[in-house]
Structure formats: C-alpha cells, structure tokens
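For reference, the chains in residue letters:
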Amino acid sequence: MTIVLDAVTAMLFLAAACTLVRIVRGPSMLDRAMALDVLLAVIMAGLGASAVAGGDTWVLPTLLALSLVAFVGSVAVARFLTHHVPRPDEPEQGADA
C-alpha cells in the first residue's frame, strides 16, 4: 500500500506543480481560472487519498465544501468573463449602426 500511496503523492505533486506554472504564466485570465479549478481538484484528490490511506471520514465534509467553493468560483468567473469580453461577431459599444 505504501508504494501506491507514494506513487499517488508524486503524481499529485507533479500535477500541482504543472497547474501552478499555468497560473503564473497565464496567458489569459480564463487559463488562470481553469488552472485554479484544476488545482482545487488536485487538492481534493490529495485529501481523498489521505482519507483512504488513513481510514478517516472527517475529510468528507471538507471535500464537499471544497467542491461547492470550486463550482461557485468557476460559475462566477465564467459569468464575469462573458459579461466583459465582447464576442467577435458583436459590434463595439460605441459604434454607430
């Protein structure tokens, strides 16, 4: 069991490092928001793996709260970006028709 746990830990650290690189490098706000979403998923996977390894059930409410925060955050960022980024087929606000 320790070999599997070590492998899972190494993969989760690698995934977290890759998402942190994407958060820092961007290039757009949407890329950073998606990377934060993936980072939250990696954290939840790590908490789940530690709960399975230790046989703890106290982590389940924490996982539920994190998943709700991730969902609400993703929806908020998506709504914010759709209201502030004009679509290519739309005319600009100040253009005369």
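Residues numbered from 1 in each chain as written. Predicted model: local features only at pLDDT ≥ 70, side-chain atom pairs only at ≥ 80, totals over all residues. Heavy atoms only, no water.

Trainee: Account for the confidence of the model for the protein, with residues named and values stated.
Mentor: Per-chain confidence: the protein averages 85 in pLDDT, with 85% of residues scoring 70 or above. Mean pLDDT across the elements of the protein ranges from a minimum in helix H3 (residues 59-84), with 86, to a maximum in helix H1 (residues 2-25), with 93. (pLDDT = per-residue confidence, 0-100. Helix = DSSP H or I, 4+ residues; strand = E, 2+ residues; numbered from the N terminus.)

Trainee: For the environment of Ser74, give the residues involved together with the corresponding values.
Mentor: Here Ser74 shows up in helix H3. Judged by relative accessible area, Ser74 falls into the partly exposed class, the value being 28%. Spatially, the C-alpha atom of Ser74 lies 7.9 Å from that of Met34, the residues being 40 residues apart in sequence. (Buried < 20%, exposed > 50% of the residue type's maximum accessible area, 1.4 Å probe, protein only.)

Trainee: Which residues make up the side chain of Thr19, and what values do they have?
Mentor: Here Thr19 shows up in helix H1. A relative accessible area of 9% places Thr19 in the buried class. Apart from residues lying up to four places away in sequence, Thr19 is in contact with Ala35, Val38 and Leu39. (Contact = heavy atoms within 4.5 Å.)

Trainee: Which residues make up the packing of H1 against helix H2 (residues 29-54), and what values go with them?
Mentor: Contact geometry of H1 with H2 gives a least axis separation of 9 Å together with a crossing angle of 165°. Here H1 is positioned roughly antiparallel relative to H2, judged by the angle of their axes. Here H1 runs over H2; the crossing is left-handed. Here H1 contributes Leu5, Val8, Leu12, Ala15, Ala16, Thr19, Leu20, Arg22, Ile23, Val24 and Arg25 to the contact with H2, which in turn contributes Asp31, Arg32, Ala35, Leu36, Val38, Leu39, Val42, Ala45, Gly46, Ala49 and Ala53. Partitioning the contact of H1 with H2 into residue classes produces 16 nonpolar, 2 polar and 4 charged. (Axes fitted to C-alpha atoms, helices over the stretch in contact; angles between N-to-C directions. Parallel < 35°, antiparallel > 145°, perpendicular 65-115°, else oblique. Left-handed = near helix turned anticlockwise from the far one by under 90°. Nonpolar A, V, L, I, M, F, W, Y, C, P; charged D, E, K, R; others polar.)

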